[in-house]
Amino acid sequence: MENVKLAVIYYSSTGTNYQLAQWAAEAAKRAGAEARILKIAETAPDAAIQSNPAWAEHVQATASVPTVTLEDLEWADALIFSFPTRFGNPPSQFRSFIDTTGGLWFQGKLANKVVSAMTSAQNPHGGQESTLLSFYITMFHWGAIIAAPGYTSQVIFGAGGNPYGTSVTVTQDAIQQGTQDAVAHQAERTVEVAKWVKTGKNTTI
């Protein structure tokens, strides 16, 4: 059987979710997956970006990271998304991309994708759980198979213990200790579930 094809798709303004995406891709590759890191296109006005030095620096630093396309979604067996919370929901840049997937959805090409998601905020009650839950509603419409971490490993408590997906609290530009292990577990679990699905789809009964 071919290796699981995983797209790790992120939106990040200052780098937190880019780091999560990198950790997820590294763990997925160790688990035997073929992984791509892809960014969501930035749609904020340049004036807004330039008003925040950390934001402008991150945009420049990640200029060479490929921007996700609909072809990437079609290619992938599994998808890990990572994005910050904005008022308890995914950011507008992310939603803008998701809203372009209607054609693939209509053709049934998003059904049975194995999906997991991660998020971040500046404080523990900044909307992480509602952000992931609102995102998963869209995945139900796709017919995706959600591979949330649940409480399948103690390492998720190192990132706060969110069963819906790794959620990071960022203080003073530092990601809380233990987050990398939680991200790795979530990525490995996503690849594992995708292997089960891929094997089942390729099995003739």
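Conventions and cut-offs
Residues numbered from 1 in each chain as written. Predicted model: local features only at pLDDT ≥ 70, side-chain atom pairs only at ≥ 80, totals over all residues. Heavy atoms only, no water. Helix = DSSP H or I, 4+ residues; strand = E, 2+ residues; numbered from the N terminus. Rg over C-alpha atoms; globule rule 2.2 N^0.38 Å. Buried < 20%, exposed > 50% of the residue type's maximum accessible area, 1.4 Å probe, protein only. Contact = heavy atoms within 4.5 Å. Core = buried A, V, L, I, M, F, W, Y, C linked by side-chain atoms within 4.5 Å. Phe/Tyr/Trp six-rings, centres within 6.5 Å; stacked < 30°, edge-to-face > 60°. Lys NZ or Arg CZ within 6 Å of the ring centre and 35° of its normal. Pairing = 2+ DSSP bridges. Right-handed = clockwise from strand over helix to strand, strands pointing away.

A. Broad picture of the overall build of the protein. Per the secondary structure count, the protein includes eight helices and seven strands. Here the protein has a C-alpha radius of gyration of 16 Å; the compact-globule value for 205 residues is 17 Å, and the two agree. Counting only C-alpha atoms, the protein reaches 60 × 40 × 30 Å along its principal axes. In the protein, which comprises 205 residues, the proportion classed as buried is 50%. Contacts in the protein between residues far apart in sequence, at least 24 positions, make up 77% of those at least 6 positions apart.

B. A look at the environment of Val 197. Inspection of the secondary structure puts Val 197 in helix H8 (residues 179–201). Put simply, Val 197 and Gln 107 are 90 residues apart on the chain and 20 Å apart in space, counted from C-alpha to C-alpha. The contacts of Val 197, once residues within four sequence positions are left out, are Asn 112, Val 114 and Ile 145.

C. Quick peek at the nonpolar core. The biggest cluster of nonpolar side chains holds 29 residues, and the ones touching the most others in it are Ile 9, Leu 73, Leu 79, Phe 81, Phe 135, Met 139 and Trp 142. Contributions of two or more residues to this core are made by strand S1 (5–10), helix H3 (53–61), helix H4 (70–75), strand S3 (78–84), helix H5 (92–98), strand S4 (114–121) and helix H7 (128–142). A per-element tally of this core places H7 first, with five residues. In contact with Leu 79, other than residues within four places in its own chain, are Leu 6, Ala 7, Ile 9, Leu 73, Lys 113, Val 114, Val 115, Ser 116 and Trp 142. Core analysis: the next-biggest nonpolar cluster, separate from the first, contains 28 residues, Tyr 10, Leu 20, Ala 28 and Val 197 among them.

D. Structural detail: the packing of aromatic side chains. Inspection of every chain in the model, using the stated rule, returns eight aromatic pairs. Relative to Tyr 18, the ring of Tyr 10 has its centre 5.1 Å away and its plane inclined at 35 degrees; by these criteria the two rings are tilted. Here Phe 81 and Phe 135 contribute two aromatic rings whose centre-to-centre distance is 5.1 Å and whose plane-to-plane angle is 65 degrees, an arrangement assigned as edge-to-face. Of the two residues, Phe 81 is situated in strand S3 and Phe 135 in helix H7; the sequence distance between them amounts to 54 residues. Looking at Phe 81, the relative accessible area reads 0%, which means it is buried. You can call Phe 135 buried: its relative accessible area is 0%. Taken together through their ring pairs, the aromatic side chains of Phe 81, Phe 83, Phe 94, Phe 135 and Tyr 136 make up a single cluster. Geometry around Trp 75 places Arg 36 over its ring, the cationic atom sitting 3.6 Å from the centre.

E. Summary view of unusual backbone geometry. Of note in the backbone geometry, Phe 87 takes a positive phi value of approximately 55 degrees without being a glycine. Relative to the helices and strands, Phe 87 resides in the loop between S3 and H5.

F. Seen up close, the pairing of strand S2 (residues 34–39). Of the pairings in the sheet, the one linking S1 to S2 comprises six bridges and is parallel in character. Of the residues in S2, the one forming a bridge with Ala 7 is Arg 36. Between the parallel pair S1 and S2, the chain is carried across by helix H1 (residues 16–30), and the sense of this crossover is right-handed.

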